[in-house]
Every structure is written in C-alpha cells, then in structure tokens.
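If you want the building blocks of each chain, they are given just below.
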Number of protein chains: 2
Amino acid sequence: MRKLKTSRQPEILDAALAIADERGLDALSMRAVAERVGVTPMALYGYFRNKDELLDALVGRLLTGLTPSEEAGTGQERLSEIAWATRRLAREHPAVFPLLLFRASVTSDGVRVVDLIYQALLDAGVPEADVPRIERLVSTFVLGFAISEVNGRFSSASDESRTRRGADLPAHRRLVGHLAADDWDAEFAADLADLMRIIRPV
Amino acid sequence: MRKLKTSRQPEILDAALAIADERGLDALSMRAVAERVGVTPMALYGYFRNKDELLDALVGRLLTGLTPSEEAGTGQERLSEIAWATRRLAREHPAVFPLLLFRASVTSDGVRVVDLIYQALLDAGVPEADVPRIERLVSTFVLGFAISEVNGRFSSASDESRTRRGADLPAHRRLVGHLAADDWDAEFAADLADLMRIIRPV
DNA sequence: ACCTGAACACCGTTCAAGT
DNA sequence: ACCTGAACACCGTTCAAGT
C-alpha cells in the first residue's frame, strides 16, 4: 500500500467533475481525466490508487458543498435546508450525483453532513434512540428522489402512454387526471412536509 | 430501426442475470453473455439493439417477480407485502438491483407494479389526488433503502470509527450507544410503520 | 518526487459476409 | 432467419524505466 501524493488531487478532481458534467459519467475515464490535466494516464495513479478511489474522493468533494452556511434556525429548518441543498447538488451534477447513494458517508466529508443532520433531528425533538434510523430514512429518501428526478424515472411521459394502453391497469384508469405531474419542486416540498410529520409525532 | 428477434431473449436475459449474480455488474459484458449463451457477441445484437436495451429488459424481468401472489388483505397489507418483496429482490440480485432506480417504471412490467401500488394506496384511503405522489414517495424510499443496504452504505463500521475521531462531531458523541445499528429487518419495519402514518393521516 | 512508454487483457459496436 | 469474423476505437492497470 504505497503512499499517495496529494499536491494535485484537487486539480485532478476538478478535471474529473468537469468531464462528467460536460459529457456524462461514461466519458469519465482515467484517460480522459489525464488528458484534461495535461498528463499521462499513469501519472494519476500517483494520486489515487485506482479509479474507484478517485470516484470516492469525487463524492467527498461534492459533499463538502452540502454544509449549510447559516447555522441558525430550528432543527426542522436546518434539515429542510440540507434537503434542498442536496437536491440542488443533483441538478448541478446529475452525472456524478448517483454515486452518493453507493459511496456516501464513508468519507470524512460524508460524516460531517451526517453529524449536522443528527444535530438537526435532535433539535427537532427526535428521541436519541431514533435519530440514526430517522437520519437514514430521510437521507435515503432525499438521495433517491434527487436521483430519480435527474434520471427521468419520474418522467410523466410514461404515465401518459400507460393509461392509453387501457386493459389491465384499473388504478391508472381511475386516476386519469391526477397522473400528469411535473412540478417536482412542489412535490419535493410536499414530501418533506409529510416526512416532518414523522419527525414531530403527535 | 430494425425489427428484433424475440425467440432467445429469455435465454439471453437468464444468462445476463446469472453472470451479474455470480460475478457482479462489472462482469456483465456483452461478450460474457454471448459466451454463456454459446454464441458470438454479435449474435446478441439480433435480440437487443444494444447493451442499454438489454439492461432495460433485464430490469423488466426482475419486476415481473414483484407481483404479489395473494390479492387479498387491506391496502396497507398489500403495500407492505410489495415493499418486503422488493427488498427481498435486492438481496437476491444485489448487483442488478440498483438499475431499478435508474430505469424502472418505463417498462410495461414496471407499470403493472405501479398499478398495484396505486390500488393499494386507494384502498388504504389515500385521496386520489395524492396517490401518484405518495407512490413515488414510498417506492423511492423502498428502492433507496434496499440499494443502500446491499451496497453497504448503512454499514455501521463507519459509525464506529466516526466517533473515535472525536473533535468536530458533537452530535455523534452525544449519540454514542445508539449508533451501532445492524438489524435492517427491524429498521425497515419501523420505517414502513412510520410511512404508514403518512398514508393514513389523523 | 514525479512522470512516461509500451504492453496486456479487456470493452461495445459496425460492417460485410456466410448458411 | 440466424449467425460469424475481422476490425475500430476505446477501457483500467502493471511494469520497468526515465528525470
């Protein structure tokens, strides 16, 4: 397990993020990153042990931007602020964002965000014994929602064509008129409001 | 847009699923599938236009197993049954399962599952106007939970080492003693119970 | 301390051809 | 109708060497 250089790590991660943003995750190859940095592919292996570790570091870099600037407000307000910031991040970096669901929270940057959420949940009145579970519940939903949105899993095009095929989709037929959603800002807000009802029980 | 053969599609998907189950998603190459089927890589392109469409079809095949055998029970019971079946699917096919979050519901098999969930939510008393949103909320959470679990995002190893690093993780320090979760069955059950409180409001 | 060149064992996919 | 062979433009990574 060789020691890694750190000097140009940020520069390399910047290049990787730029490539993914501009040309998608499939275009994010070691060779492409190297070319953008102005170096041979092999030079990267002095800074990251392999592509997987480079991606882990990239996820860490994304998470850094998630710490809210303002520490004020109630627990619920800070929680909500982190949720919206997460979704904003997904829209800024749709190609790399899905990696968060697979590699998150292992890095030290991820832990920092989790700690902020823990604190927000505590301040919101969640019993200590429930905090870690509720953190996983909320963050799983927020990550899943943001990924689904940027990947088009929610796209209502499917809903349109669904119902037209008639036949064996009784519930769809009954819900015609409610199927054409497309205001994901509003839906995300409604979902968060519902989740808050879990956090602050009767 | 050439017409595709269908004759050996199931056989090809079986081979693809077996490879992913045995050796992971990275090993799922067109070349590997072809070899397992006993054919040249190029022969596959008569059945699927490209690798992406093969993966879409694979997701559809997974979703077929999600339709509950019993149609009985209350809406909440059927909803719960689908949720547990989804999680079971993730444990059976951890490598391919994550694809559900990116490609689900586009296929006709996905639509069938969505219709079952719609019906369950209607029977559970969710207002028609809220059903599609609640379906997305619940399925996003269930998929996200199952993916996080099989990918180790929840692994408590991180929690252990987190707190030891002391310093700037105040909430973690306060929650020592509650951080070492590992009974994901129980956690999933508790999460579902909480979500049911959203579905059946006061 | 930092980087390069050549090589290995892979990819997905196109095109033209074969039965 | 179904399949093959050869080729193209890529991958991640190892190893030995160069300044």
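All figures in this text were calculated on a predicted structure; none of them were measured in a lab. (Residues numbered from 1 in each chain as written. Chains lettered and ligands numbered in written order. Predicted model: local features only at pLDDT ≥ 70, side-chain atom pairs only at ≥ 80, totals over all residues. Heavy atoms only, no water.)

1. Overview of helix α7 (residues 131-150) of chain B
Residue and element names in this part refer to chain B.
Part 1 of the argument: The end-to-end C-alpha separation of α7 is 28 Å, in line with the 28 Å expected for 20 residues at 1.5 Å each.
Part 2 of the argument: Counting buried residues along α7, 19 of its 20 residues qualify, which places the element largely inside the surrounding structure.
Part 3 of the argument: Gly152 lies just past α7 and shows a positive phi near 80 degrees. (Helix = DSSP H or I, 4+ residues; strand = E, 2+ residues; numbered from the N terminus. Expected span 1.5 Å × (residues − 1). Buried < 20%, exposed > 50% of the residue type's maximum accessible area, 1.4 Å probe, protein only.)

2. Here we look at the interface of chain B and chain A
Part 1 of the argument: The interface is formed by 56 residues belonging to chain B together with 56 residues belonging to chain A.
Part 2 of the argument: A buried area of about 5200 Å², summed over both sides, lies between chain B and chain A, and 59% of it is on carbon and sulfur atoms.
Part 3 of the argument: Of all residues in chain B, B:Phe102, B:Arg136 and B:Arg153 give up the largest surface area on contact with chain A, accounting jointly for 14% of the area buried on that side.
Part 4 of the argument: The interface formed by chain B and chain A holds 10 salt bridges in total.
Part 5 of the argument: The shortest N-O distance in the salt bridge between A:Asp168 and B:Arg112 comes to 3.9 Å.
Part 6 of the argument: The interface formed by chain B and chain A contains 14 residue pairs in polar contact (both at pLDDT 80 or more).
Part 7 of the argument: Here the side of chain B that touches chain A gets 14 residues from one element, more than from any other, and that element is α7(B). (Contact = heavy atoms within 4.5 Å. Buried area = accessible area lost by both parts, 1.4 Å probe. Salt bridge = Lys/Arg side-chain N within 4 Å of Asp/Glu carboxyl O. Polar contact = N/O pair within 3.5 Å; in protein donor to acceptor, adjacent residues only side chain to side chain.)

3. Quick notes on the pattern of salt bridges
Part 1 of the argument: Inspection of every chain in the model, using the stated rule, returns 30 salt bridges over all chains.
Part 2 of the argument: Close ionic contact of B:Arg133 with A:Asp191 constitutes a salt bridge, the shortest N to O distance being 2.7 Å. Taken as a pair, B:Arg133 in helix α7 and A:Asp191 in helix α10 (residues 184-199) lie in two separate chains rather than in one. The two residues B:Arg133 and A:Asp191 agree in class, both being buried.
Part 3 of the argument: In this structure, B:Asp123 and B:Arg78 form a salt bridge, with 2.8 Å as the shortest nitrogen-oxygen distance. With B:Asp123 in helix α6 (residues 108-123) and B:Arg78 in helix α4 (residues 75-92), this residue pair connects regions lying 45 residues apart in the sequence.

Treat this as a map of the structure, not an account of what it does.
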